[in-house]
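As a plain string of letters, each chain reads:
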Amino acid sequence: MSGFRLTLRTPPRQRIDLAALTPERLGGRDIENVGAIELAVGNRRQRLDTLFEVAPLKGADDLIEIDRCCDRIDGIGRGMKHGRIVVRGDAGAYVAAELSGGRVEVEGSVGPRAAAAMRDGVLTVAGNVGDFLAAPLAGERRGMRGGLVAVSGNAGIRAGDRMRRGMILIGGDAGACAGSRMIAGTLAVLGRVGTFPGFGMKRGSVILFREPERWLPTFAETGANDYAFLRLLGRSWETLGGVFAEHGQRLGRAVRFVGDAANGGKGEVLICSA
């Protein structure tokens, strides 16, 4: 068994759904069978090897590398259970959606609904992510339920919407309503955050390093304290390196706000100080 390298031949005019290509689905296939897989391209289907150059990666089991990727390639790693996918370039929507194991690494930026309904595993993004990071899939009520998402750049609106478990780390800025309708889990934004973080949250923790642009009136300050669990959390960030390790060393003392009182008021927003 070996892994595979997929190199995009030319940027597509229509969107390509790559959800059919995960390490467990390609396991045991030879290069001819992989090349014959049909992908959804717009409203039609097309063979993989007409869109990508397909090459084996000897000795790299459960690995898929996608070279020259672009923002019209959707569904990378969707529903993956194990293995590793490395994306060189940007990617489209639904990257690592419904991920239940393994690791997806994107060296560029990704579109909306990344890590939607994610259950376990790891998603790392070197660039930015679109709206509704780790939120529910359309028509569903459950967002991220486990695992780790680490984004080095910025995130759009409603990151962590309806999150139930797991951890989201955003190294740059986040848009409005970060942590909206959270049930549980941890969302950390190292840069600036837009208006109304924690909108409608029931429980869970939103960790910030700056005051938001605007608070909801349904959050109340409870004062500053030293939190031992924040120091332990900061140590776990050290393995990620870079800006995450740097900010992890600052975790400990924070000003705590509780809310959203309009939804039970058991969530918390912690603003960390140096």
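The structure under discussion appears in the preceding block.
Residues numbered from 1 in each chain as written. Predicted model: local features only at pLDDT ≥ 70, side-chain atom pairs only at ≥ 80, totals over all residues. Heavy atoms only, no water.

*Asks:* Before we go on, may I ask you to explain the pairing of strand E1 (residues 3-8) in this structure?
*Replies:* Where a strand is regular, its side chains alternate between the two sheet faces. When you tally the buried positions in E1, you get five out of six residues, the bulk of the element. For E1 and strand E5 (residues 52-57), the ladder comprises six bridges, and the chain directions are antiparallel. Bridge pairing in E5 links Leu-6 to Val-54. (Buried < 20%, exposed > 50% of the residue type's maximum accessible area, 1.4 Å probe, protein only. Helix = DSSP H or I, 4+ residues; strand = E, 2+ residues; numbered from the N terminus. Pairing = 2+ DSSP bridges.)

*Asks:* Teacher, can you tell me more about the sheet that holds strand E4 (residues 44-47) here?
*Replies:* Strand pairing in a sheet relies on backbone hydrogen bonds. The paired strands run either parallel or antiparallel. An order of E4-E3-E2-E7 is seen for the four strands of this open sheet, with the pairing classed as mixed. At either margin of the open sheet sits one strand with a lone partner, and together these are E4 and strand E7 (73-74). Here strand E3 (residues 38-41) pairs with E4 via four bridges, running antiparallel. Looking across to E4, one finds that Glu-38 is bridged to Arg-47.

*Asks:* Help me understand unusual backbone geometry in this model?
*Replies:* When glycine is set aside, most residues are seen to have a negative phi, and most peptide bonds are trans. Across the junction of Gly-259 and Asp-260, the peptide omega takes the value -10 degrees, indicating a cis bond. Within the fold, Asp-260 resides in the loop between strand E16 (253-259) and strand E17 (267-272). Although it is not a glycine, Ala-115 sits at a positive phi angle of roughly 60 degrees. Positionally, Ala-115 belongs in the loop between strand E9 (100-106) and strand E10 (120-125).

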